Amino acid sequence: MLTKELKVKPIENGTVIDHIPAGMAFKVISIIASGRDIDRPMSIVMNVESKRLGKKDIVKMEDLVLKKREVDKIGLIAPEACINIIENASVAKKREVDLPKRVVGIVKCSNPNCVSNQNEPVDSEFVLASKTPIRLRCIYCERDVTNITENLI
Amino acid sequence: MEFENRDIISIHDFSTKEILHVLDVARDMVPAAQGKEEKNILGSKVMSSLFFEPSTRTRLSFEAAMKRLGGKTVGFSDAKSTSTKKGETLADTIRMAEAYSDCIVIRHFNEGAGRLAAKFSSKPVLNAGDGAGQHPTQTLLDLFTIREEKGAIKGNRVILAGDLKYGRTVHSLAYALAMFGVDMAFISPRGLEMPREFVSLVKEMGVDLYEGRDLAEAVAEGDVLYATRIQKERFPDPQEYKKMASSYRIDNEMLSGGKKGLIVMHPLPRVNEIAAEVDDTPHAVYFRQAFNGVPVRMALLALVLGARR
Ligand SMILES: [Zn+2]
């Protein structure tokens, strides 16, 4: 009874992020938790069977709507994720996270000698060099970010 | 093809057609570069020459290029003498140079500095080398040299030899040669091989590529031998360095196994990579290659400043 309730309890208003690759839920949470206080219920379901991914994680957040910047970041680490915006207990909007062609100010260049890491008055900036796997190429030093998850700002 | 007001930051910004156009204009510049002809087409223009790290060859050839076209230069040759030391951002230094001059030549120790400079300047920026990154004018003068010496870029087999890991000039050159469909051989000591991403990039571009360690053997097949400096510091064991250095040393004996028309190039300065006895042979083109920096940079300055189309 308890398990069932935890698993499927619907939320009234808020956001459900589905189809997160198994194990990535905590990364998604850390994106959402940085820069805001989370004082409403949030639940994480991990390693659920999924037809598409084999196993997946789900994150449910009551009364919380993601900012564009957060959606962009989630798109970079979990491009398969699907974001459901819940209003009055039903899905009001469903959207796949989309990968922007240019990624500005949300990832740090992994090259420490890159000019974008030197206190110059510019945001980091990348072009999407490849979609699968995701590769971001710095417009300054022209190198690819080696580990996007570790370099999120 | 529009070059006026354009930034010259990376060889990746060029098409083959644009490269060939720059090389055509450079050819026209040769007599003036040699001082045999006057070409005061940039008479009222000022070039900022911002060298945050010293590079005598590149700086002198840029300044000579500007002066051969009748222009003037301002700038510094070393970051020690600039306000960057006092914590000024590169962006602010660029804004200042933009206000004082018509174009900006920048050499900097951080990768991407050229692109950043271009962001803050409405006047054209020419990248004269950014850290371990791009050095497009070197790549263009290398291509110019091959074309002038061999008549064309395509149709040659080019051997890139020596330190292919840290030698940044060979990364851009390999990419540019692949754009032209030039077949290549990468010959380097263990540990100094061409980075894998460049190898796969070049292969994806459809050129025939051979990788190996034996330079003497590879020489037989080549039309162009491009040697790079191998720094002693890359070898923790001095014995190992000595052994390696002797097998990569280009001398007349090694060249006797090559084609008659084989040309030897080197970005200079050389240390021991090429024996002095080679200098007097028809194979040696590295001094002409160094001179070619002037007409190629003249062409770029004339193009971006709108004095040539
Ligand atoms: Zn970078």
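Quick look at the structure, then.

Scoring rules and cut-offs
- Residues numbered from 1 in each chain as written.
- Chains lettered and ligands numbered in written order.
- Predicted model: local features only at pLDDT ≥ 70, side-chain atom pairs only at ≥ 80, totals over all residues.
- Heavy atoms only, no water.
- Contact = heavy atoms within 4.5 Å.
- Buried area = accessible area lost by both parts, 1.4 Å probe.
- Salt bridge = Lys/Arg side-chain N within 4 Å of Asp/Glu carboxyl O.
- Polar contact = N/O pair within 3.5 Å; in protein donor to acceptor, adjacent residues only side chain to side chain.
- Helix = DSSP H or I, 4+ residues; strand = E, 2+ residues; numbered from the N terminus.
- Nonpolar A, V, L, I, M, F, W, Y, C, P; charged D, E, K, R; others polar.
- Pairing = 2+ DSSP bridges.
- Axes fitted to C-alpha atoms, helices over the stretch in contact; angles between N-to-C directions.
- Donors = N, O, S within 2.8 Å, 3.2 Å for Na, K, Ca; no water.
- Tetrahedral: all angles 85-135°; square planar, octahedral: opposite > 155°, others 65-115°.
- Core = buried A, V, L, I, M, F, W, Y, C linked by side-chain atoms within 4.5 Å.
- Buried < 20%, exposed > 50% of the residue type's maximum accessible area, 1.4 Å probe, protein only.
- 1 Å grid on protein atoms, 1.4 Å probe; cavity = no way out; pocket = protein on both sides within 12 Å on 5 of 7 lines; lining within 4 Å.
- Points joined across faces, edges and corners; volume = space filled by probe spheres on them.

**Focus: the interface of chain B and chain A**
Consideration 1: Each partner contributes residues to the interface: chain B has 16 residues there, and chain A has 15 residues.
Consideration 2: Between chain B and chain A the total buried area reaches about 1200 Å² when both faces are included, carbon and sulfur atoms providing 49% of it.
Consideration 3: Linking chain B with chain A are three salt bridges.
Consideration 4: Between A:Arg143 and B:Glu111 there is a salt bridge; the shortest N-O distance is 3.4 Å.
Consideration 5: Across the chain B-chain A interface, the total number found is 14 residue pairs in polar contact (both at pLDDT 80 or more).
Consideration 6: Those elements that provide at least two residues to the side of chain B that touches chain A are helix H3 (90–100) and helix H4 (113–120) of chain B.
Consideration 7: The residue makeup of the side of chain B that touches chain A, split by class, is seven nonpolar, six polar and three charged.

**Brief notes about the sheet that holds strand S7 (residues 209–212) of chain B**
For sheets, the rule is that strands pair by backbone hydrogen bonds, running either parallel or antiparallel.
Residue and element names in this part refer to chain B.
Consideration 1: Pairing is parallel in the open sheet, where five strands are placed in the order S7-S6-S5-S8-S9. Each having just a single partner strand, S7 and strand S9 (263–265) make up the two edges of the open sheet. Between one strand axis and the next, the sheet turns through 15 degrees on average, direction left out of account.
Consideration 2: Sheet topology places strand S8 (residues 224–227) next to S9; three bridges connect them, and they run parallel. Across the sheet, Tyr 226 pairs through a bridge with Met 265, a residue of S9.
Consideration 3: On the sheet, helix H7 (residues 196–204) packs against strand S6 (183–187) and S7 and is oriented at approximately 155 degrees with respect to S7.

**Brief notes about the coordination of the zinc ion**
Consideration 1: At this site the zinc ion is bound by A:Cys109 (SG), A:Cys114 (SG), A:Cys138 (SG) and A:Cys141 (SG), with donor distances of 2.3 to 2.4 Å.
Consideration 2: Coordination at the zinc ion is tetrahedral, judged from the four donor atoms that bind it and the angles of 100 to 116 degrees they form at the metal.

**Digging into the nonpolar core**
A general feature of soluble globular proteins is that nonpolar side chains tend to end up buried together.
Consideration 1: Judged by nonpolar contacts, the single largest core of 65 residues is most densely connected at B:Leu160, B:Met184, B:Phe186 and B:Leu301.
Consideration 2: Those residues within four positions of B:Leu301 in sequence are excluded, and the remaining contacts are B:Leu42, B:Met47, B:Phe62, B:Ala65, B:Met66, B:Leu69, B:Cys103 and B:Leu126.
Consideration 3: In this structure, A:Cys141, B:Leu90, B:Ile104 and B:Ala118 belong to the second largest nonpolar core, which totals 35 residues.

**Some remarks on unusual backbone geometry**
All names here are of chain A.
Consideration 1: Residues Thr 132 and Pro 133 are joined by a peptide bond in cis, for which omega reads -5 degrees.
Consideration 2: Checked against the element boundaries, Pro 133 lands in the loop between strand S7 (125–130) and strand S8 (135–138).
Consideration 3: Even without a glycine there, the phi angle at Asp 63 is positive, about 55 degrees.
Consideration 4: Looking at the element boundaries, Asp 63 is found in the loop between strand S3 (54–62) and helix H3 (68–77).

**Observations concerning empty space enclosed by the protein**
Residues and elements named next belong to chain B.
Consideration 1: Within the structure shown, the criterion is met by three cavities of 30 Å³ or more.
Consideration 2: In this structure, the largest cavity encloses a volume near 120 Å³.
Consideration 3: Lining the largest cavity we find 15 residues, and of these Ile 230, Ala 245, Tyr 248, Asn 272 and Glu 273 sit closest to its centre.
Consideration 4: Of all the elements, helix H9 (residues 238–247) adds the most residues to the lining of the largest cavity, at three residues.
Consideration 5: Among the residues forming the lining of the largest cavity, the class breakdown is 10 nonpolar, three polar and two charged.
Consideration 6: If you add up the space inside the second largest cavity, you get close to 60 Å³.
Consideration 7: Taken together, Met 1, Glu 2, Phe 3, Glu 4, His 21, Leu 303, Gly 306, Arg 308 and Arg 309 make up the full set of residues lining the second largest cavity.
Consideration 8: By residue class, the composition of the lining of the second largest cavity is three nonpolar, two polar and four charged.

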